[in-house]
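# Analysis of the macromolecular model
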Number of protein chains: 2
Amino acid sequence: MGATELIITDRWPKNLVENEIPFLFIYDQVLKKSLEPVIKKFPRGSVALPVKAGETLKSIKNYSIIVSKIQAASTALGLNKPAIYACGGGSVGDFAGFVASTFRRGLPLCHIPSTWLSAIDSAHGGKNGLNLNGTKNQIGTFYSADKTLIVKELLFQQPKERAVEGLPELLKVLLCTNVKITERLLSRRFESGLLWDFLPTAIEEKLKVVKRDPLETLGYRRILNFGHTLGHVFEASVPLPHGIAVYFGMEFAFRWARHNQILDQALQRKLQASPLITSFGEKLKHIKYKAVLKKTAPSVSQALAQDKKGAGANKLWFIFLKKIAEVEQIKLSLDEVVTELHRQLNADAPGVLLP
Amino acid sequence: MGATELIITDRWPKNLVENEIPFLFIYDQVLKKSLEPVIKKFPRGSVALPVKAGETLKSIKNYSIIVSKIQAASTALGLNKPAIYACGGGSVGDFAGFVASTFRRGLPLCHIPSTWLSAIDSAHGGKNGLNLNGTKNQIGTFYSADKTLIVKELLFQQPKERAVEGLPELLKVLLCTNVKITERLLSRRFESGLLWDFLPTAIEEKLKVVKRDPLETLGYRRILNFGHTLGHVFEASVPLPHGIAVYFGMEFAFRWARHNQILDQALQRKLQASPLITSFGEKLKHIKYKAVLKKTAPSVSQALAQDKKGAGANKLWFIFLKKIAEVEQIKLSLDEVVTELHRQLNADAPGVLLP
């Protein structure tokens, strides 16, 4: 995978491309109105392809439809490999990334994330994906974007509530990698300006992990899966938005680490006393941790078995955080995870990230 | 792209995999009978998936069907990333290679080519592909096999006539890269044993080219397209089998190079006097060069425009061989190619590879 140029900017750049070369713009159709002035300035011949965002977008059927459109547009433009610009959240980025990586064995690609979650996490690191028979990202490649463009005025067009979904991935990557910045983050109160302030460091830290293990073959990249093993289950079973589900997944991992006595006590105290965690907890007070566990319990075993981060038959790698930037991966059986879920359901200890 | 282990062997190895780990075997269904003893020895749990070879296999629809089967098999086996073994000719390799490169972001892959063409050419170098709306390989990735296994007893099960389709790609790669071996090849008479003898060098030379330009971004890999610009057109328009079409495509390039006075005269004389070219010409005497041109003329312009090796609007890179291992790439307009086709149709000079 090649290196991706990262551009973080307050406003839309005057021109997305140099030399007026036309390109294909795949974008979330809900952004149509706000993107109108941007699209109007595209080089002549460029083609804007609106899509309906969400997990249903990521199907082979929709893939088949869009590659035919791209084939026709390429022929009309006389371009062999037109560039793809993808503007939207995670589902649009996953979908357009897979299209770009597979049409004519790879088109130039630029991600322009429109949600906090995608700006913080999914637009970086080269993963893309389609879903198959109800399971997420069963199809996909590792394919670096040539460019990722983060536009502040685009991100701040989101409803303020969406920031709640962005914080957990930001917290996750910093917790796993960077002591100093995490301590600074924990001392702040939660608001969307916070996400913008910490975005560059979070991206940088994620890319450092990706660079060490770009194809996820060495195990190291797995640390980014912190909070995700149960997170994916909560996301599908409760259901919860991805970011919220990951926050609850991190809570699960923290409680388990504490039970196993591998969680640093100073970290636990720091988290429980943190202005960030306290103010963020306020946003989630309508979702009770034990209610999430309870709702998940009947299907957890099957859901874990389908999760693709398996480590052989009925095994998975579970990620524990012991201290800030000190991660431990342990290979466990699915049964051990299920047992822990039931233990937590019946335990009375106070939470770490949640009450 | 990683390095591929190349194994050339007279007989099927006792075990395809170590440690009895089950795998998925995608194979050309016409080989069913001859593969029975091989399949019988697979590790318990392995799944054999027969497919109907040919360009119609390489559709998004068939892709969708096979990935669902692979998903079900993986779940049943409790394996996250089962290995794919692909046994067949070019279409099976292209199809299975794309499946392996995209299911769960990449499965281990082993190619076992069953035709001369695939053993010499398409199984090496990491290209795979699906067709889209009648155009070949519009979808695909670059994805190295972990292993390529060339089994003599499998290749010699083919009808002898198939060797005719294998020689042109063998000749092409050696002509473009290796003086000494090409001279040795040209001094031999054509027969299928010849293909086996020169196979290792041809593969080695192709892989050297691929290594210098694995993703075809530097232009160097394009030399492997010698004979293919018109070859693809002949293949679709006449139609002709791929290998034969490439041979006629090389003839087109040689005649054009001679007309442009960039073809070394000693090479022309050597080819015309070569036992290989003379004996191979015997096999093709039922197909007249000018009849191929004539049949192609009405559609050549449109067919060239659709060929994905474009070099910008209405341009293409045309590959000329001046001397053995001395290739020149020239950017030309489609019109120049069409004009040359009509010139050759009306010219009276003797051929180079063909009468």
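Look up a bit, the structure's there.
Residues numbered from 1 in each chain as written. Chains lettered and ligands numbered in written order. Predicted model: local features only at pLDDT ≥ 70, side-chain atom pairs only at ≥ 80, totals over all residues. Heavy atoms only, no water.

With an RMSD of 0.0 Å, chain B superimposes on chain A once it is rotated by 180° and translated 0.0 Å along the axis. Such a combination of rotation and displacement between the chain copies is what one expects of a two-fold axis. Closest to the rotation axis within chain B is the C-alpha of Ile60(B), separated from it by 4.0 Å. Of the interface residues in chain B, 100% have counterparts in chain A that sit at the interface too, so the contact is made through matching surfaces. (Least-squares fit on C-alpha atoms with pLDDT ≥ 70 in both. Contact = heavy atoms within 4.5 Å.)

Contacts between the two partners involve 30 residues from chain B and, on the opposite side, 30 residues from chain A. Taken together, the two surfaces of chain B and chain A that pack against each other cover about 2,700 Å², and 48% of this comes from carbon and sulfur. Our count for the contact surface shared by chain B and chain A stands at zero salt bridges. The tally of links between chain B and chain A comes to 16 residue pairs in polar contact (both at pLDDT 80 or more). Of all elements in the fold, only helix H2 (60-77), helix H3 (90-102) and strand E7 (135-139) of chain B reach the threshold of two or more residues within the side of chain B that touches chain A. Looking at which element gives the most residues to the side of chain B that touches chain A, the answer is H2(B), with six residues. Of the residues belonging to the side of chain B that touches chain A, the class tally is nine nonpolar, 17 polar and four charged. (Buried area = accessible area lost by both parts, 1.4 Å probe. Salt bridge = Lys/Arg side-chain N within 4 Å of Asp/Glu carboxyl O. Polar contact = N/O pair within 3.5 Å; in protein donor to acceptor, adjacent residues only side chain to side chain. Helix = DSSP H or I, 4+ residues; strand = E, 2+ residues; numbered from the N terminus. Nonpolar A, V, L, I, M, F, W, Y, C, P; charged D, E, K, R; others polar.)

The next thing to look at is the packing of helix H6 (residues 162-177) of chain A against helix H7 (residues 179-186) of chain A. Residue and element names in this part refer to chain A. Two elements in contact, H6 and H7, have axes separated by 7 Å at closest approach and are oriented at 140°. Between H6 and H7, the angle falls in the class oblique. For the element pair H6 and H7, the recorded crossing hand is left-handed. Residue-level contacts link Leu170, Leu171, Leu174, Leu175 and Thr177 of H6 to Val179, Ile181, Thr182, Leu185 and Leu186 of H7. (Axes fitted to C-alpha atoms, helices over the stretch in contact; angles between N-to-C directions. Parallel < 35°, antiparallel > 145°, perpendicular 65-115°, else oblique. Left-handed = near helix turned anticlockwise from the far one by under 90°.)

Take H7(A) next. All names here are of chain A. Where H7 is concerned, the buried positions are Ile181, Thr182, Leu185 and Leu186. On an axial view of H7, the arc spanned by its buried residues comes to 135°, and they lie on one face. Where the residues of H7 are buried, they touch H6, helix H8 (192-212), helix H11 (265-273) and helix H12 (275-283). (Buried < 20%, exposed > 50% of the residue type's maximum accessible area, 1.4 Å probe, protein only. Arc of directions from axis to C-beta.)

Two modes of strand pairing occur in sheets, parallel and antiparallel, and in both the strands are linked by backbone hydrogen bonds. Residues and elements named next belong to chain B. Spatially, the six strands line up as an open sheet ordered E1-E8-E5-E4-E2-E3, and their pairing is parallel. Looking along the sheet, the strands with just one partner apiece sit at the ends: strand E1 (5-9) and strand E3 (47-51). For this sheet the average axis-to-axis angle between neighbouring strands, irrespective of direction, equals 15°. In this fold H3 packs onto strand E2 (24-28), E3, strand E4 (84-88) and strand E5 (109-113), with an angle of close to 165° to the strand it touches most, E4. Of the strands in this sheet, E1 and strand E8 (147-151) touch helix H8 (residues 192-212), which is tilted by about 175° from E1. (Pairing = 2+ DSSP bridges.)

In this section: the packing of aromatic side chains. To describe a pair of aromatic rings, you give the distance between the ring centres and the angle between the ring planes. All names here are of chain B. Using the criterion set out here, one finds 32 aromatic pairs over all chains in the structure. Centre to centre, the rings of Phe252 and Trp256 are 5.8 Å apart; their planes meet at 75°, and the pair counts as edge-to-face. Placement of both Phe252 and Trp256 in helix H10 (residues 242-259) is noted, with a separation of four residues, approximately one turn of the helix. Each member of the pair Phe252 and Trp256 is classed as buried. Aromatic side chains Trp256 and Phe320 sit 5.4 Å apart centroid to centroid with 75° between the ring planes, which places their arrangement in the edge-to-face category. With a gap of 64 residues between them, Trp256 in helix H10 and Phe320 in strand E9 (residues 315-323) connect regions that are remote in the sequence. (Phe/Tyr/Trp six-rings, centres within 6.5 Å; stacked < 30°, edge-to-face > 60°.)

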